[in-house]
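A closer look at the structure
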Amino acid sequence: QVQLVESGGGLVQPGGSLRLSCAASLSIFSIYSMGWYRQAPGKERELVTTITSGGSTRYADSVKGRFTISRDNANRMVYLQMNDLKPEDSAVYYCNAYIGNSRRERDYWGQGTQVTVSS
């Protein structure tokens, strides 16, 4: 079975930082695009950031300049460094693995980790 396990969430004050981690059991981890999504109560799940197998990154406008996604293919890990956190960043953060091409299409999700930004 494929498993994505997030960790690193918690309670932080506005302006603080957290680093989220995602451990993936994917046997061919390096070819997947990885991403972080978040969902706040009463809202739809939204894209935060993605990183392709080649290392190209994209960020939602709301987090540009504050969040950084990275991956460690050797250890099958994805990270989300979150700086200058704001109350509106509070949400459950989900790790995602995706691949879609002529050979295969796969989409996997972790169970999420709670991030709460509050004074």
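Cut-offs applied
- Residues numbered from 1 in each chain as written.
- Predicted model: local features only at pLDDT ≥ 70, side-chain atom pairs only at ≥ 80, totals over all residues.
- Heavy atoms only, no water.
- Disulfide = S-S within 2.5 Å.
- Helix = DSSP H or I, 4+ residues; strand = E, 2+ residues; numbered from the N terminus.
- Buried < 20%, exposed > 50% of the residue type's maximum accessible area, 1.4 Å probe, protein only.
- Phe/Tyr/Trp six-rings, centres within 6.5 Å; stacked < 30°, edge-to-face > 60°.
- Lys NZ or Arg CZ within 6 Å of the ring centre and 35° of its normal.
- Pairing = 2+ DSSP bridges.

Turning our attention to the state of the cysteines. Disulfide: a covalent bond connecting the sulfur atoms of a pair of cysteines. Applying the stated criterion across every chain, the model contains one disulfide. Through a disulfide, Cys22 is tied to Cys95; the S-S separation comes to 2.0 Å. Judged by the sign of its S-S torsion, about -80°, the cystine formed by Cys22 and Cys95 is left-handed. Residue Cys22 is located in strand E3 (residues 18-24), and its partner Cys95 is located in strand E9 (residues 91-100); the two are separated by 73 residues in the primary sequence. As far as burial versus exposure is concerned, Cys22 and Cys95 are alike and both buried.

One pass over the structure, following the stated rule, counts two aromatic pairs. A ring pair is formed by Tyr32 and Tyr108, whose centres lie 6.3 Å apart and whose planes are at 50°; its orientation type is tilted. Placement of the pair is Tyr32 in the loop between E3 and strand E4 (33-39) and Tyr108 in strand E10 (residues 105-109), with a sequence separation of 76 residues. Tyr108 gets classed as partly exposed once you look at its relative accessible area, which sits at 22%. On the numbers, 4.9 Å between centres and 65° between planes, the contact of Tyr37 with Trp109 is edge-to-face. In this pair, Tyr37 sits in strand E4 while Trp109 sits in strand E10, placing the two residues 72 residues apart along the sequence. Residue classification places Trp109 among the partly exposed positions, given a relative accessible area of 34%. Lying over the aromatic face of Tyr79, Arg19 brings its terminal NZ or CZ to 4.3 Å of the ring centre. Directly above the ring of Tyr94 sits Arg45, whose terminal nitrogen or CZ lies 3.8 Å from the centroid.

This part takes up unusual backbone geometry. Positive phi, normally seen in glycine, also occurs at Arg76, with a value near 55°. Residue Arg76 is classed as partly exposed on the basis of its relative accessible area, which comes to 34%. One non-glycine residue, Asp84, lies in positive phi territory at about 50°. Residue position: Asp84 is located in the loop between strand E8 (77-82) and E9. Judged by its relative accessible area of 42%, Asp84 falls in the partly exposed class.

With five of six residues buried, E8 is to be regarded as a mostly interior element. As paired elements, E3 and E8 share six bridges and run antiparallel to each other. Bridging across to E8, Ser21 finds its partner in Tyr79. Here strand E7 (residues 67-72) pairs with E8 via six bridges, running antiparallel. The residue bridging Thr68 from the neighbouring strand is Gln81, located in E8. In this antiparallel pair of consecutive strands, E7 and E8, the connection spans four residues, and Arg76 shows a positive phi of 55°.

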